[in-house]
Amino acid sequence: MRRAARLAAVGVTAALAMSIAACSKPATSNAGGTPTSVAADKQLKIGFFGFAKANSFAQAAWAGVQSAAAANNATATFLDSNFDGPTQVNQLQDAVTSKRYDVVIVQANDGVAMVNPIKQAIAAGIVVVVEFTPVGGKFDTAEPQVPGTVNIIDPPTVNGVGLAKLGLEACKTVTPGACKVAYLQGFANYPLDTARTDAAVNALKAGGATVVSNFVGGYTPDTGRGAMQNLLQSHPDVNVVIGSSQALEGATPLAKGKKIGFVGNGGSSQAFGFVNNGTWYGVYDVPEKSEGAKAAELGLAKARGQDVPASTVACTALTKFECLGTKETLKGLTADYSD
């Protein structure tokens, strides 16, 4: 389904974008999977295969895609799979058959299921940008798992370790001794969430924390509230709670009067507010609008014959703080989307 959302400002100017478009050489045409030849001034078409139109994180990426498209002589369309993996597979296969897009940007609901349709797209000469979530069976790398793809990724295991680091720092603000940390999973039995959860739990334990990780917080305030109620009944001595920022928005009011630190996964305006006012210790803040814009810029540049990196780690390239958002590192930044 969805992951938590996050932001930081980065990108290229419209003048630079137009310069790229004007100076690009045409891509080489060939039936083996390279992009078809395009004139430098041709308007290109982007298909954005986002998680869901109802998802604030996907909407942040979509805003970035639209901005970059407008600045680079392109149009963009959001194809809404509504968090459903098979629907997204069918949508991409249809797009390959119809050849209606020059570039596709994929937020994979099921990174394994999307491998074959992405291979089909590349074979048809369509530029494929894998954005945010890996496509393939590995969750610990931003390197291409499908040859020919452009990747701008936040590896789930890196996300998990980052959340654990913030959680261990939060422990120091609420207790001088042993720390009990609750990690609220996004979804049970969801490969991406499982990889992130395992990485976070292992890093927390390695840091000396006692970890509770059998509660599913989901990605809405309602599911987070329910998980927090159950958590406090079973573990009233919990010191720190980590979960999606949406879930923590529902969980936080239940901690009134208790000394509990919170770490959110996502940089919405609500999450920024909680960090800035001291209610939460921090958030893992992927700059998703900027990441969407960068994905579009990379895809369009490749379609126009430019050399682009096959792999970009979002938190390294787009933030100065490796996405580890605290009151100090978020100072002066503004979230550009709301949950």
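Treat the numbers as computed from the prediction; the structure is a model and nothing was measured.

## Notes on the overall build of the chain
When helices and strands are counted, the chain shows 11 helices and 12 strands. Within the chain, contacts between residues at least 6 apart in sequence are counted, and of these 71% link residues at least 24 apart. Total accessible area on the chain is roughly 13,300 Å²; 53% of this is exposed by carbon and sulfur atoms.

## Regarding the confidence of the model for the chain
Counting all residues, the mean pLDDT for the chain is 89, and 89% of those residues have values of 70 or more. Ignoring residues within four places in sequence, the model shows residues 1-33, a span with pLDDT below 50, making 109 contacts including any to other chains.

## Describing the sheet that holds strand β5 (residues 150-153)
The strands that make up a sheet pair up through hydrogen bonds in the backbone, lying either parallel or antiparallel. If you walk across this open sheet you meet the six strands as β2-β1-β3-β4-β5-β11, and the pairing is parallel. For this open sheet the edge positions go to β2 (74-78) and β11 (311-313), each flanked by a neighbour on one side alone. Pairwise comparison of adjacent strand axes, ignoring direction, gives a mean angle of 15 degrees for this sheet. The sheet contact formed by strand β1 (residues 44-49) and β2 spans five bridges and is parallel. Note on β2: the bridge partner recorded for Leu-44 is Ala-74. Contacting β1, β2, β3 (103-106) and β4 (127-132), helix α2 (residues 56-71) runs over the sheet at an angle of about 160 degrees to β2.

## So, the pattern of salt bridges
Applying the stated criterion across every chain, the model contains three salt bridges. Among the ionic pairs, Arg-196 bridges to Asp-193, the shortest N-O distance being 2.4 Å. Linking Arg-196 with Asp-193, this pair stays in helix α6 (residues 191-206), spanning three residues, or about one helical turn. Each member of the pair, Arg-196 as well as Asp-193, is classed as buried.

## Some words on the state of the cysteines
The full count for this structure, using the stated rule, is two disulfides. A sulfur-sulfur separation of 1.9 Å characterises the disulfide bridge that pairs Cys-315 with Cys-323. Between Cys-315 and Cys-323 the sulfur-sulfur dihedral comes to about -100 degrees; the bridge is accordingly left-handed. With a relative accessible area of 2%, Cys-315 lands in the buried category. Looking at the chain, its bonded cysteines, counted consecutively from the start of the sequence, adopt the pairing 1-2, 3-4.

## Digging into the packing of aromatic side chains
Inspection of the entire model under this criterion finds 10 aromatic pairs. Relative to Phe-78, the ring of Trp-62 lies with its centre 5.5 Å away and its plane at 75 degrees, an arrangement referred to as edge-to-face. Taken together, the residues Trp-62 in helix α2 and Phe-78 in strand β2 connect sequence positions 16 residues apart. The class for Trp-62 is buried, based on a relative accessible area of 11%. In this structure an aromatic cluster arises from ring pairing among Phe-48, Trp-62 and Phe-78.

## Digging into the sheet that holds strand β6 (residues 180-185)
Strand order across the open sheet formed by six strands is β7-β6-β8-β9-β10-β12, with mixed pairing between neighbours. Of all strands in the sheet, those bounded by a partner on one side alone are β7 (210-216) and β12 (324-326). The mean angle between the axes of side-by-side strands here comes to 20 degrees, regardless of whether they run parallel or antiparallel. Here β6 runs beside strand β8 (residues 240-244); their pairing, made up of three bridges, is parallel.

Conventions and cut-offs
Residues numbered from 1 in each chain as written. Predicted model: local features only at pLDDT ≥ 70, side-chain atom pairs only at ≥ 80, totals over all residues. Heavy atoms only, no water. Helix = DSSP H or I, 4+ residues; strand = E, 2+ residues; numbered from the N terminus. Contact = heavy atoms within 4.5 Å. Areas by Shrake-Rupley, 256 points an atom, 1.4 Å probe, with all protein chains shown as cover. pLDDT = per-residue confidence, 0-100. Pairing = 2+ DSSP bridges. Axes fitted to C-alpha atoms, helices over the stretch in contact; angles between N-to-C directions. Salt bridge = Lys/Arg side-chain N within 4 Å of Asp/Glu carboxyl O. Buried < 20%, exposed > 50% of the residue type's maximum accessible area, 1.4 Å probe, protein only. Disulfide = S-S within 2.5 Å. Phe/Tyr/Trp six-rings, centres within 6.5 Å; stacked < 30°, edge-to-face > 60°.

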